[in-house]
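# Remarks on the overall topology
Okay, here's what each chain looks like letter by letter:
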Amino acid sequence: MIDNFLVSILSLIGLLVGIEQDVGKKNTANSDHDVIAVVGDRPIMQAEMIREMRNLRWRVMGPVRDGETAQEYWLAERGDSARMARLYNRAMHVLHVRKVLEQILVEYNLWQYADFEHFKLHLVEANRARIVKKKKGQLIYGPEQYSEQTFLEYQTAIALIKLKELLVADGTLPITEQALAEQYAEMKRGPYQRDKFTFSAYRRQITAAYIEKAFDHWLSAQVTTIAVERLNEPDFQTLYHWLHEVNPSGTFESPAKPVGGTIYYVDNFNGNDCHSGTTPDQAWKSLEKVNATRFHPGDCIYFRRGGIWFGKLHPQGDGATDAPIVISAYGTGPNPLLHGNGLQGSGVVSFYNQSYWEVGNLEIVNPADSAGDRRGVEIKAENAGVIRGIHLHHLHIHDIHGIRGHDYASKKTAGIYFGVVDDRQRPTRFDDIRVSDCLLHHISNQGIVTNNERNHKDYPGTERWHQQKFTGLVIHQNVLHHIAKNAMIVRLTEGGLVEHNLCYETALGMSGNTMFTISARGTTFQYNEGFLNRSTDADGSLYDPDLRSPGTIWQYSYSHNNSHGLVWFCTALADTGIVVRNNISSNDHGFLVYANYAFSGAKIYNNVFHIGKNRSPVIIQENAGNTHVYEYRMNRIYNYSNLTSYGFAGPENRKQHRMIRENYYYGLQPSVEEQSPRTIDDGLKKADPPSRYYDVASWFGVESPGLVGEDNSSMVNVYRNIRYAEKPETVYDSDTSSDRLLDLYLPVDKQGVKKPVILFIHGGGFSGGDKSALEGFWRNLATKGFAVISANYRLYLKHHKASGGSASENMAQGLRPDGKFHPALQKAVTIAASDAAKVLEWITENGEAFDLDAQRVAVSGGSAGAMTVLHLAYASAQTALPVGAVINMWGGLQDTSVINAGAPPMLTFHGDKDKLIHVDYAYAIDERMKAVGVLSELYILEGKGHAIYNVINRDYTDIIVKFLRNVL
């Protein structure tokens with residue numbers, strides 16, 4: 001049926017198809033030196049080798065000898081080979097596997113790129129498309145811009161989901177009872193040691209684990225059948241140049257020197273700790289020198305790109321509000337690499353009771369042979385008051401070997417960790433904390449954590465909680481994957497924003513939700529994407545408002561292919577005001593919404609649940625032993641499986657206080673009593689998603705209404721791209737701007753109340769324009785209590801060019817002496833008006849579902865749209881419903897004699913300097929209206945021209961509202 005906040009899939013699918021076509025047109029030939037090897041028919045290009053060598057360099061590193069230059073370090077023979085040779089061979093092996101996988105994906109029609117150059121072209125186009133969507137106010141999941149590495153890994157992860165499904169379906173990965181029994185026996189020795197983990201109860205998780213293992217074995221076998229053909233082997237000197245002297249995409253030059261500070265340079269190969277450190281030629285050498293120095297507000301510490309340091313970075317000092325101390329990078333090559341070398345009990349980068357630091361453009365690792373108390377970056381405070389202004393950005397943190405587990409000690413090992421150690425002598429907390437544009441992967445146990453190690457169990461709003469809370473927290477545009485347990489634990493926040501993050505491959509071999517809060521109030525999670533949570537037991541959802549999370553908001557996010565679903569409530573009974581809205585859950589498993597621990601107030605509305613064939617999730621599960629008070633409404637459930645179920649507590653249960661109403665269903669409906677359930681009928685239900693690996697979020701095309709116009713997103717619900725009539729054929733077939741779609745804006749505070757309707761038809765000379773152009777105006781009117789419909793229609797003059805047929809050619813000079821428009825213009829008006837009449841028919845047929853009052857409908861338009869509604873109201877023979885009023889903005893009628901007694905009243909706005917449609921048309925209409933005794937209000941806008949919507953929205957909205965309330 002109708003999708004709240006859903007927009008057309010056509011534009012995005014068209015864009016992606018267009019990208020593929022553009023890619024296909026590119027010349028695939030490469031110069032010999034660009035292609036260094038071939039695996040099957042997949043080339044390995046120089047740029048790919050550079051990427052993998054930089055990603056893997058930490059694996060071949062060792063201590064730097066005294067006096068050793070960078071070239072000696074990488075090129076000198078050590079044992080049986082140079083370090084550069086070992087790195088090159090490692091990278092070649094990774095690319096060998098990569099290219100075999102790509103070839104398989106191509107065979108299954110899951111990989112669209114002919115080579116790496118084509119991939120980079122798509123990346124540029126995808127990022128450009130995301131910029132455009134952002135400007136238009138359309139929702140973007142995950143980072144607003146992808147880097148080369150994050151986009152490649154993301155695209156591969158998405159493609160592998162579908163590939164594994166296809167391999168199981170075609171029998172390449174057969175699932176037998178014997179195989180599952182062996183997998184279960186293996187898991188009994190690991191995560192399933194307790195008696196509760198029976199084969200029957202956990203068959204789904206056992207099967208998922210088996211498929212992953214079987215796929216790895218199968219892929220390894222495929223790799224052995226396709227050899228690498230090395231073509232243009234570079235020499236070691238060339239490899240060194242690739243690794244160190246070419247700036248990678250996305251790196252940043254050193255920022256300008258802050259006022260009042262000193263820049264210090266650190267170069268592990270060419271530096272000397274006896275130097276001043278204040279120029280690149282006088283750079284320091286070691287972390288020890290940096291750690292022994294107290295820095296001051298405005299100072300900068302720049303590490304040389306391509307450099308490597310072993311140990312712990314722990315500089316001293318504090319910055320200031322307007323002069324933070326900055327740690328960053330300079331030079332060319334890969335970002336500086338800080339290697340913890342197994343360091344325990346600390347972060348590789350560590351701050352203690354320090355404020356106003358900005359850290360960026362570093363790579364941080366801490367691998368080890370065994371688990372330990374390790375963190376990538378840690379910011380700790382102890383009896384220190386308020387720690388402020390810690391900003392982390394563009395950090396690449398990976399392979400931090402912490403402690404896997406569920407206990408408190410393991411949850412302190414993380415990629416990025418903010419923690420209060422003790423606050424008994426002096427209340428201690430954090431303010432203005434930002435983590436943005438970071439990449440974290442292959443980390444145990446957590447990704448990003450905020451914590452108070454002494455106590456985080458006070459309820460939000462209590463005195464002690466206020467002494468401990470994190471304020472000004474922003475976690476923005478980060479990518480986290482292959483995280484052993486939770487991607488984020490957000491504790492003790494008041495307000496705060498967690499948005500545009502991408503998280504996948506979490507809870508690996510253990511339980512855990514991808515993101516959760518504890519003792520947080522009013523924190524907002526939005527525009528995040530999370531998939532492939534691998535939880536083997538409970539949890540396993542994208543979101544979890546955990547204990548003591550009142551007022552948290554979980555919205556506009558995309559959950560898919562997780563072990564469980566969108567949200568798992570592990571709340572406290574006192575928790576209320578929790579909002580889960582405008583999200584998508586697609587092909588998640590387990591419990592899609594789980595009311596687990598008790599809570600006293602939650603609203604779950606305007607979400608989309610998509611369940612593919614042969615899936616068996618529980619759409620809503622209630623823990624019958626706990627009290628739940630919640631509302632579940634206006635959700636869309638697209639269920640294509642006959643294995644889906646609901647897990648409501650029985651009718652005898654008195655702990656469930658639920659209101660389920662006005663949800664839309666395709667497929668299975670719940671057995672509990674519901675107010676006004678709605679069926680997604682055949683005429684409006686969505687088809688199956690595309691068979692390619694384009695994500696379902698893009699298929700649904702969800703938009704965020706809060707990104708444009710006034711900040712009234714919480715006051716207005718938007719239903720986008722509702723089809724009001726069949727798709728037009730002939731020349732309009734491929735023109736989305738001529739498709740018969742409408743957007744509907746409804747005031748949130750008028751739900752369940754009949755609302756008067758304003759139908760607006762956009763302008764554009766019958767050859768352009770779009771229904772979304774004036775969204776801020778529609779929202780403004782909707783907040784006044786109106787239902788606003790903005791509709792597209794067939795643009796006749798866009799496809800039928802006619803000399804002299806435009807509105808300006810007919811109307812700019814005033815009323816025509818013959819009183820006739822050009823035939824092409826009049827036909828354009830008639831066609832547009834006939835489509836507008838179909839919108840009126842849609843209102844009569846569907847208005848009840850949205851509480852639209854079909855007896856109080858006004859029509860409005862600007863320019864060509866005004867000409868359309870004038871014809872509709874006064875010259876057409878439409879009988880769908882009575883038009884109650886007309887709002888005419890700089891439009892005109894060919895013949896005003898069509899206005900007769902009993903016609904609907906009109907409010908007209910027209911600029912006296914309009915050079916496209918002369919103001920005389922407004923005077924002529926007003927004169928005729930008054931002559932036949934029909935109410936007409938005319939506003940001539942002095943000194944104004946054509947299409948001044950901003951003036952109307954700013955200065956005349958109250959006049960429009962007053963007029964409509966008087967006449968409707």
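Residues numbered from 1 in each chain as written. Predicted model: local features only at pLDDT ≥ 70, side-chain atom pairs only at ≥ 80, totals over all residues. Heavy atoms only, no water.

How we decide: UniProt positions are given in the numbering used here, feature names are shortened, and annotations may be inferred rather than shown by experiment.
The name given to the chain in an unreviewed UniProt entry is Acetyl esterase/lipase, with Parapedobacter composti as the source organism. Under the Sequence similarities (unreviewed entry) heading, UniProt states for the chain: "Belongs to the 'GDXG' lipolytic enzyme family."

## Overview of the domain arrangement of the chain
It is common to report an interface's size as the accessible area lost on association of the parts. The following threshold applies: Boundary definitions for the domains trace back to an automatic or database domain assignment.
As assigned here, the chain comprises domain 1 (35-62 + 77-239), domain 2 (260-454) and domain 3 (711-967). Put simply, the middle of domain 2 and the middle of domain 3, counted by C-alpha atoms, are 59 Å apart.

## Some details on the pairing of strand β50 (residues 852-862)
Each regular strand carries side chains that alternate between the two faces of the sheet. Using the following cut-off: Only protein chains enter the accessibility calculation, which uses a 1.4 Å probe. A residue is then buried if its area is under 20% of the maximum for its type, exposed if over 50%, and partly exposed in between. Runs of H or I in DSSP of at least four residues are treated as helices and runs of E of at least two as strands, each being numbered from the N terminus. Pairing between strands is defined by DSSP: at least two bridges between them are needed. By convention, a crossover is right-handed whenever its connection, traced from the first strand over the helix to the second and viewed with the strands pointing away, goes clockwise.
With nine of 11 residues buried, β50 is to be regarded as a mostly interior element. In this structure, strand β48 (residues 755-761) lies alongside β50, joined through six bridges in parallel fashion. The residue bridging V757 from the neighbouring strand is V857, located in β50. Both β50 and strand β51 (residues 885-889) contribute to a ladder of five bridges, which runs parallel. Bridge assignment links G862 to a residue of β51, and that residue is M889. Regarding topology, helix α17 (residues 864-874) serves as the crossover connection from β50 to the parallel β51, and that connection is right-handed.

## Here's the deal with the nonpolar core
Stated formally: We call a set of buried residues a nonpolar core when its members are Ala, Val, Leu, Ile, Met, Phe, Trp, Tyr or Cys and they connect through side-chain atoms within 4.5 Å of each other. Whether two residues are in contact is decided by their heavy atoms, any of which lying within 4.5 Å being enough.
F303, L392, F418 and M488 are the most contacted members of the largest nonpolar core, which totals 80 residues. For this core, the element with the most residues is strand β16 (residues 386-401), which contributes six residues. In contact with F418, other than residues within four places in its own chain, are I379, I390, L392, F430, I433, V435, V449, T450, N451 and F470. Counting residues in each nonpolar core, the second largest holds 75 residues, with L105, L167, Y192 and I308 among its members.

## Section: the confidence of the model for the chain
Just so we agree on the cut-off: Per-residue confidence from the predictor is reported as pLDDT, a score between 0 and 100.
Per-chain confidence: the chain averages 88 in pLDDT, with 90% of residues scoring 70 or above. Long-range and interchain partners of residues 248-253, a stretch whose pLDDT sits below 50, account for 12 contacts in this model, where long-range means more than four residues apart. With pLDDT under 50 throughout, residues 681-713 is counted as low confidence; its partners more than four residues away or in other chains account for 102 contacts.

## What to know about the packing of aromatic side chains
For clarity, the threshold we go by: Here the aromatic set is Phe, Tyr and Trp, taking the six-membered ring for Trp, and pairing holds for ring centres within 6.5 Å; pairs whose planes are under 30 degrees apart are stacked, those over 60 apart are edge-to-face, and all others are tilted. Any Lys NZ or Arg CZ that is within 6 Å of a ring centre and within 35 degrees of that ring's normal is treated as a charge sitting over the ring.
Here the structure, examined in full by the defined rule, presents 47 aromatic pairs. A connected cluster of aromatic rings, assembled from ring pairs, spans W111, Y113, F116, F119, Y146, F151, Y154, Y504 and F531. When the ring centre of Y73 is taken as reference, the NZ or CZ atom of R83 above it lies at 4.0 Å. The ring of F215 carries the charged tip of K164 above its face, separated from the ring centre by 5.0 Å.

## Description of the UniProt feature "domain: Alpha/beta hydrolase fold-3" (unreviewed entry) in the chain
With numbering aligned to this structure, UniProt lists the feature "domain: Alpha/beta hydrolase fold-3" (unreviewed entry) at residues 826-889. As annotated, residues 826-889 has a helix share of 50% and a strand share of 25%, and its two end C-alpha atoms lie 18 Å apart.

## Things to note about helix α13 (residues 775-782)
When you tally the buried positions in α13, you get eight out of eight residues, the bulk of the element. Among all positions in α13, only E775, G776, F777, W778, R779, N780, L781 and A782 are buried. For α13, the secondary structure elements touched by its buried residues are β46 (716-723), β47 (741-747), β48, β49 (787-791), β51 and α19 (949-967).

## Quick word on the sheet that holds strand β5 (residues 228-230)
Cut-off, in case you're wondering: In this analysis an axis means a line fitted to C-alpha atoms, helices contributing only their contacting stretch, and an angle means the value between N-to-C directions, from 0 to 180 degrees.
The strand order β2-β1-β5 describes an open sheet built from three strands, whose pairing is antiparallel. Whereas interior strands pair on both sides, the edge strands pair on one side only; in this sheet they are β2 (42-45) and β5. Sheet twist, expressed as the average angle between the axes of neighbouring strands with direction ignored, equals 30°. Here strand β1 (residues 35-39) pairs with β5 via three bridges, running antiparallel. Each residue of the ladder has a partner; that of V38, found in β5, is E229.

## Remarks on the packing of helix α4 (residues 83-107) against helix α6 (residues 148-169)
Put simply, the test is: Geometric relationships in this document are graded by angle, where less than 35 degrees denotes roughly parallel, more than 145 denotes roughly antiparallel, 65 to 115 denotes roughly perpendicular, and other angles denote oblique. Less than a right angle of anticlockwise turn of the near helix away from the far helix marks a crossing as left-handed, whereas a clockwise turn marks it as right-handed. When residues are grouped by polarity, Ala, Val, Leu, Ile, Met, Phe, Trp, Tyr, Cys and Pro land in nonpolar, Asp, Glu, Lys and Arg in charged, and all others, Gly among them, in polar.
At a minimum axis distance of 11 Å, the contact between α4 and α6 shows a crossing angle of 50°. As judged from the angle between their axes, α4 and α6 are oblique. Of the two possible hands of crossing, α4 and α6 adopt the one that is left-handed. Each of R98, L101, I104 and L105 in α4 lies in contact with α6, whose residues at this interface are L152, T156, A159, L160 and L163. Tallied by class, residues from the contact of α4 with α6 come to seven nonpolar, one polar and one charged.

## A short note on the pattern of salt bridges
Rules: A carboxyl oxygen of Asp or Glu within 4 Å of a side-chain nitrogen of Lys or Arg is what we treat as a salt bridge.
Tallied over the entire structure, the rule returns 44 salt bridges. Of the charged contacts, one joins D955 and R954 as a salt bridge, the two residues approaching to 2.9 Å between their closest N and O atoms. For D955, a relative accessible area of 40% gives the class partly exposed. R954 sits in the exposed class, given a relative accessible area of 57%. If you follow the salt bridges from partner to partner, you end up with D373, R375, E378, K380, K412 and E453 in one network.

## Looking at the state of the cysteines
Our working rule: Disulfides are defined in this document as cysteine sulfur pairs within 2.5 Å.
Inspection of the entire model under this criterion finds zero disulfides. With no disulfide of its own, C503 lies closest to C438 among cysteine sulfurs, the gap being 12 Å.

## Description of unusual backbone geometry
Residue N445 is bonded to the preceding S444 through a cis peptide linkage, with omega at 20°. As for its position among the elements, N445 is in the loop between β19 (439-444) and β20 (446-452). One non-glycine residue, D437, lies in the positive phi region at around 60°. Residue placement: D437 occurs in the loop between β18 (429-436) and β19. On the basis of relative accessible area, D437 is assigned to the partly exposed category, the value being 28%. Of note in this structure, H442 is not a glycine but carries a positive phi near 50°. Relative to the helices and strands, H442 resides in strand β19. Judged by its relative accessible area of 38%, H442 falls in the partly exposed class.

## A look at the pairing of strand β34 (residues 578-581)
On β34, burial covers both faces: I578 and V580 on one face and V579 and R581 on the other are all buried. The pairing of strand β31 (residues 553-555) with β34 spans three bridges and is classified as parallel. Opposite W554, over in β34, you have V580 as the bridge partner. Across four bridges, the pairing between β34 and strand β37 (residues 599-605) is parallel.

## Description of the packing of helix α16 (residues 823-846) against α17
At a minimum axis separation of 8 Å, α16 and α17 run at an interaxial angle of 70°. By the angle between their axes, α16 is roughly perpendicular relative to α17. Crossing hand, α16 versus α17: right-handed. Facing α16, whose interface residues are L825, Q826, V829, T830, A832, A833, A836, A837 and L840, α17 presents M867, T868, H871 and L872. Classifying every residue of the contact of α16 with α17 by side-chain character gives nine nonpolar, four polar and no charged.

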